[in-house]
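# Notes for the structure review
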Amino acid sequence: MANKNETVAELADLFANSNAVLLTEYRGLTVGQLKELRRSISEHATYAVVKNTLTKIAANQAGISAFDDSLVGPSAIAFVHGDPVAVAKGLRDFAKANPDLVVKGGYFDGNALDAEEVNKLAELESREVMLAKLAGAFKASLFGAAYMFNAPITQAARAVDALRAKQESEAA
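Structure report, in brief. None of the values given here were measured: they were computed from a predicted structure. Each chain carries its own residue numbering, running from 1 in the written order of its sequence. At least 70 in pLDDT is required for a residue's local features to be given in this predicted model, at least 80 for side-chain atom pairs to be given and counted, and no such filter applies to totals for whole chains, interfaces and linings, which use all residues. As a rule here, side-chain values come from all non-hydrogen atoms in the structure, and water together with hydrogens is ignored.

## With respect to the sheet that holds strand 2 (residues 45-50)
Put simply, the test is: Pairing between strands is defined by DSSP: at least two bridges between the two strands are required. Each helix is a run of H or I in the DSSP string that is no shorter than four residues. Each strand is a run of E no shorter than two, and both are numbered from the N terminus. Comment: axis = line fitted to C-alpha atoms, over the contacting stretch for helices; angle = value between 0 and 180 degrees taken between N-to-C directions. Throughout, a residue-residue contact means that at least one pair of heavy atoms, one from each residue, lies within 4.5 Å.
Pairing in this open sheet of 5 strands is antiparallel, and the strands run 2-3-1-4-5 from one edge to the other. Looking along the sheet, the strands with just one partner apiece sit at the ends: strand 2 and strand 5 (111-114). If you compare each strand with its neighbour and ignore which way they point, the axes differ by 20° on average. The pairing of strand 2 with strand 3 (residues 75-80) spans 6 bridges and is antiparallel. Counted as the bridge partner of Tyr47 is Ala78 from strand 3. Contacting strand 1 (20-25), strand 4 (102-108) and strand 5, helix 5 (residues 115-123) crosses the sheet at an angle of about 95° to strand 5.

## Topic: the pattern of salt bridges
Note the threshold: Salt bridge, as applied in this entry: a Lys or Arg side-chain nitrogen positioned within 4 Å of an Asp or Glu carboxyl oxygen. Summary of the burial criterion: residues with accessible area below 20% of their type's maximum are buried, those above 50% are exposed, and those between are partly exposed, where the area comes from a 1.4 Å probe applied to protein chains only.
Counted according to the given criterion, the structure contains 4 salt bridges. Across the salt bridge formed by Lys104 and Glu25, the nearest N and O atoms sit 3.7 Å from each other. Of the two residues, Lys104 sits in strand 4 while Glu25 sits in strand 1, which places them 79 residues apart along the sequence. Taken individually, Lys104 and Glu25 each receive the classification buried, so the pair is uniform in this respect. Across the pair Lys120 and Glu116 runs a salt bridge whose closest N-O atoms are separated by 3.7 Å.

## Thoughts on the environment of Val8
Along the chain, Val8 falls in helix 1 (residues 2-16). The exposure class of Val8 is buried, given its relative accessible area of 8%. Distance from Val8 to Gln61, taken between C-alpha atoms, is 8.8 Å for residues 53 residues apart in sequence. Each residue touching Val8, except ones within four places of it in the same chain, is listed here: Leu54, Ile57, Ala58 and Gln61.

## Some remarks on the packing of aromatic side chains
Test applied: Ring pairs shown here join Phe, Tyr and Trp side chains whose ring centres sit within 6.5 Å, with only the six-membered ring taken for Trp; geometry is labelled stacked below 30 degrees between planes, edge-to-face above 60, and tilted in between.
As enumerated under the stated definition, the model contains 2 aromatic pairs in all. An angle of 40° between the planes, with centres 6.1 Å apart, marks the rings of Phe15 and Phe67 as tilted. Of this pair, Phe15 sits in helix 1 while Phe67 sits in the loop between helix 3 (52-61) and strand 3, placing them 52 residues apart in sequence. Given the relative accessible area of 4%, Phe15 is considered buried. On the basis of an interplanar angle of 85° and a centroid distance of 5.2 Å, the ring pair of Phe15 and Phe79 is categorised as edge-to-face. Residue Phe15 is found in helix 1, and its partner Phe79 is found in strand 3; the two are separated by 64 residues along the sequence. On the basis of relative accessible area, Phe79 is assigned to the buried category, the value being 1%.

These figures come from the coordinates and say nothing about function on their own.
Encoded structure:
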């Protein structure tokens, strides 16, 4: 019994300290395939095979009831500690190559996600790409502003040059 309590406490801690949680069913995958999946998402998540009953108790302790009906069959959870988009992409790509992996749902930013919403999450660009695009947009705006501020000065300098050239030609 103490071992079960430790497992529930450990799972509840993982639920509480994760950026997102993605639930999968791994029926039919080999140990080697599970190892490959763990390795592919290890930078951003911990992938754990879980016991459904203990997981349900732990999730409820962490205030998450989204998985109550989904915890059937052989279940494994990706506890995301990094970029949720990268993990969703990793699971989606692995499931394309290994159809036995089924993404059942998830929990992200205080909201339950169904399998379709997890796939939509996987279609987003990574955080780094989005930040780079935002930085590019800011840089373009700054260049535009600098050009706008320099334009009157440049135009004034051209007008002064033209006026001086006109005066020189009239004086000659």
